[in-house]
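Architecture and fold: a report
The lines below spell out each chain.
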Amino acid sequence: MPQIQFREALRAAMTEEMERDENVFLMGEEVAQYHGAYKVSEGMLEKFGPRRVLDTPISEAAFSGLGVGAACCGLRPIIEFMSWSFTLVCLDQIVNNAANVRYMSGGQYKVPIVFRGGNGIAHQLGATHSHRLESVCARIPGLIVVAPSTPYDAKGLLKTSIRCNDPVIFLESEKMLGEKGEIPNEEYFLPIGKANVERQGKDVTVVSYGWPLQRVVRPAVAALEQEHGIDVELIDVRTLRPLDVETIAASIKKTNRCVIVDEDWGYCGMGSGILLKLQKRCFDDLDAPIEYVHSDEIPVPFSHPLEEAMLPSVDRIVTAVKEACYR
């Protein structure tokens, strides 16, 4: 299988779906003439033209609302945000409108729209450009929230998301865009709402998603096996809403221990929501409290060393797993 970058996987998914369905179009700041702020849409303007790859003004509220209206009228917009931090100015369009129109219309309107872009901490973007929006969006009924961790997942999940008849929040990371991974030549899709048991293990279940999984969780799992003899079962949840509780619970029933890792703040963070779903369900199967590794409870510093220090690390994950395993 060929190796391609994460950004190329996203581009391939959008291109294939736009070739298949003339109702699919891409809209956002600098997606056309500039080929995307992070070059995700490179070459798409030349291929599809300005009617289907549209540059917008710097107004997330305006083009998000336009996208919701277009979706209600039968089109399938893909809305690219430079950063999910910028969506704080268009939560009305996403939370009030996109999430509720289908329900409030009694199913008369579908809202087949994908909102995608960089989520979370990148590299010295400061507190106002480093928000993690998963816990904000995942708590809203009517929204689907997807967080891929590999190019393979990105393509398969994005193709499924574009074909979905409900609004999808598609969370990427600026730091992931250059990561490479294998992609099959043939067309494929990944189901929404189904977690991936990436690694079988018997000692402890580690649950994560997105960039943290790539950045620190996989290295921590390798270190735990090689240096501490702890056999980790690793679950990539892939979809945050709906959450595949069944797969995680089945794993905990086998390992009797669980550690959750994300980049969110701990208080009311995404991991807290996952923990709540598991605590009562898995209580009789747990031999230790569920551990939660998250970012420090501070605004994200601009200083790179301080930024790194606030994030989950391999050492923090190893410590949490050892705590859960009484090592």
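Each remark here, short or long, concerns the structure printed above.
Parameters and conventions
Residues numbered from 1 in each chain as written. Predicted model: local features only at pLDDT ≥ 70, side-chain atom pairs only at ≥ 80, totals over all residues. Heavy atoms only, no water. Pairing = 2+ DSSP bridges. Helix = DSSP H or I, 4+ residues; strand = E, 2+ residues; numbered from the N terminus. Axes fitted to C-alpha atoms, helices over the stretch in contact; angles between N-to-C directions. Contact = heavy atoms within 4.5 Å.

Time to look at the sheet that holds strand β10 (residues 204–208). Strand pairing in a sheet takes place through backbone hydrogen bonds and is either antiparallel or parallel in direction. Across the sheet, which stays open at both edges, the five strands sit in the order β9-β11-β10-β13-β14 with mixed pairing between neighbours. Single-partner strands in this sheet number two, and they are β9 (196–199) and β14 (291–295). Averaged over all pairs of adjacent strands, the angle between strand axes in this sheet comes to 25°, irrespective of strand direction. For β10 and strand β13 (residues 258–265), the ladder comprises three bridges, and the chain directions are parallel. Considered in β13, the bridge of Val 206 is made with Val 259. Of the strands in this sheet, β9, β10, β11 (232–236) and β13 touch helix α9 (residues 245–255), which is tilted by about 175° from β11. Set on the sheet, helix α10 (residues 270–279) makes contact with β13 and β14; between it and β13 the angle comes to about 150°.

Turning to the sheet that holds strand β7 (residues 168–172), a few remarks are in order. The seven strands lie next to each other as β3-β2-β4-β5-β7-β6-β12, forming an open sheet whose pairing is mixed. Lying at the two open borders of the sheet, with one neighbouring strand each, are β3 (53–55) and β12 (239–241). Averaged over all pairs of adjacent strands, the angle between strand axes in this sheet comes to 20°, irrespective of strand direction. Bridge analysis of strand β2 (residues 24–28) against strand β4 (residues 76–81) gives five bridges, and the strand direction is parallel. By the bridge assignment for β4, Val 24 is matched with Arg 76. Most of the contacts of helix α3 (residues 60–72) go to β4, to which it runs at about 165°, and overall it touches β2, β4 and β5 (114–118). Contacting β2, β4, β5, β6 (144–146) and β7, helix α7 (residues 151–163) crosses the sheet at an angle of about 160° to β7.

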